[in-house]
Amino acid sequence: MAGVTRLADKYLLETLRKHLIDLVVSDWPKTLQEWDYREKEVLACFDNGISNGQPRVCDMFPEPVTAINFAREFGCTEILPAAFYQLSTMRVERHAWEDDVHGDTLSRARWSLLDKDDLLRYIRGCQTLWSFHADTEYFLCPQCKPEMWRHPLDPEGDDLHQRLPCYAYVDKLFQRVWSGSGPDGVPKNILRLYAEMQDDTDVPRPLYGLPRTLCTSCWCTFGDKIAELRQEIWAKLPETFDL
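Below, the structure is looked at part by part.

Rules and cut-offs
- Residues numbered from 1 in each chain as written.
- Predicted model: local features only at pLDDT ≥ 70, side-chain atom pairs only at ≥ 80, totals over all residues.
- Heavy atoms only, no water.
- Helix = DSSP H or I, 4+ residues; strand = E, 2+ residues; numbered from the N terminus.
- Buried < 20%, exposed > 50% of the residue type's maximum accessible area, 1.4 Å probe, protein only.
- Contact = heavy atoms within 4.5 Å.
- Phe/Tyr/Trp six-rings, centres within 6.5 Å; stacked < 30°, edge-to-face > 60°.
- Lys NZ or Arg CZ within 6 Å of the ring centre and 35° of its normal.

1. Topic: the overall build of the protein
Looking only at helices and strands, the protein features 12 helices and zero strands. Start at the N end of the protein and walk to the C end: the helices and strands fall as α-α-α-α-α-α-α-α-α-α-α-α. Taken across its 243 residues, the protein has 40% of its residues classed as buried. Relative to all contacts within the protein whose residues are 6 or more apart in sequence, the contacts with residues 24 or more apart total 67%.

Rendered as structure tokens:
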């Protein structure tokens, strides 16, 4: 797409140039709602699998590094937050994009085309995103927060799980959903992780060995806090990646 757009620039074909840029821009979400819709499309492709003759999953959705370079060159910077966020869910691979024969994931990018400044933005952005990993207490109603029940003379390590079932529920939920996540070079889709946590609390029964469902106040608080936090993460993407 960049090559054709350059030709349109060269020969002053403004209508064609605008049309090509609009096509690229339309491929990338500009709101959290649009991102969530795209996530559902991606997950649907994974669920359906890939059969012979079908395009690779990585070819069905735009590749972030190419999009970042296109945005820099042609000024459509509104796609940068989503492109950098998608990149933040990927590990830097030494293998070339073309080596991904199966292409059944979106875990590969054209890293060799990313310049050093944008690579630094990726690294720092990944570190900043992890700061949105909120503590368990953040998602509880005031009556179920540990500080409301912890006595000053309680021994260190006192088991709050027995006295605070809502605290236990959210804490266990964090442990299960975020298992293996962390700033250890293994990128995670933080928006998807929080959405998965909310999906689990929407099911009115204990799951995966969790102690029980939340009380009514915590259930409402949890949903509100998840929504607020996901919206905050999305709104701060330009700041997160220094765009």
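Read on, since the account is not over.
2. Observations regarding the packing of aromatic side chains
Taken as a whole and judged by the stated rule, the model has eight aromatic pairs. Here the basic side chain of Arg38 rests over the ring of Trp28, its NZ or CZ set 5.1 Å away from the ring centre. The cationic tip of Lys225 hangs over the ring face of Tyr138; the distance from NZ or CZ to the ring centre is 4.8 Å.

3. Digging into the side chain of Gln86
If you trace the backbone, Gln86 turns up in helix H6 (residues 80-88). By relative accessible area, which is 4% here, Gln86 ends up buried. With residues up to four places along the chain from it excluded, the contact list for Gln86 reads Trp28, Trp35, Arg38, Pro62 and Pro64.

4. A closer look at the environment of Leu87
Examined against the element boundaries, Leu87 turns out to sit in helix H6. Here the alpha-carbon distance between Leu87 and Ile68, two residues 19 residues apart in the chain, equals 9.8 Å. Once residues lying within four places of it in the same chain are set aside, the contact partners of Leu87 are Pro64, Val65, Ile68, Ala109, Trp111, Leu114 and Tyr122.

5. Here we look at H6
In terms of burial, H6 is largely enclosed, as nine of its nine residues are buried. Of all the positions in H6, only Leu80, Pro81, Ala82, Ala83, Phe84, Tyr85, Gln86, Leu87 and Ser88 are classed as buried.

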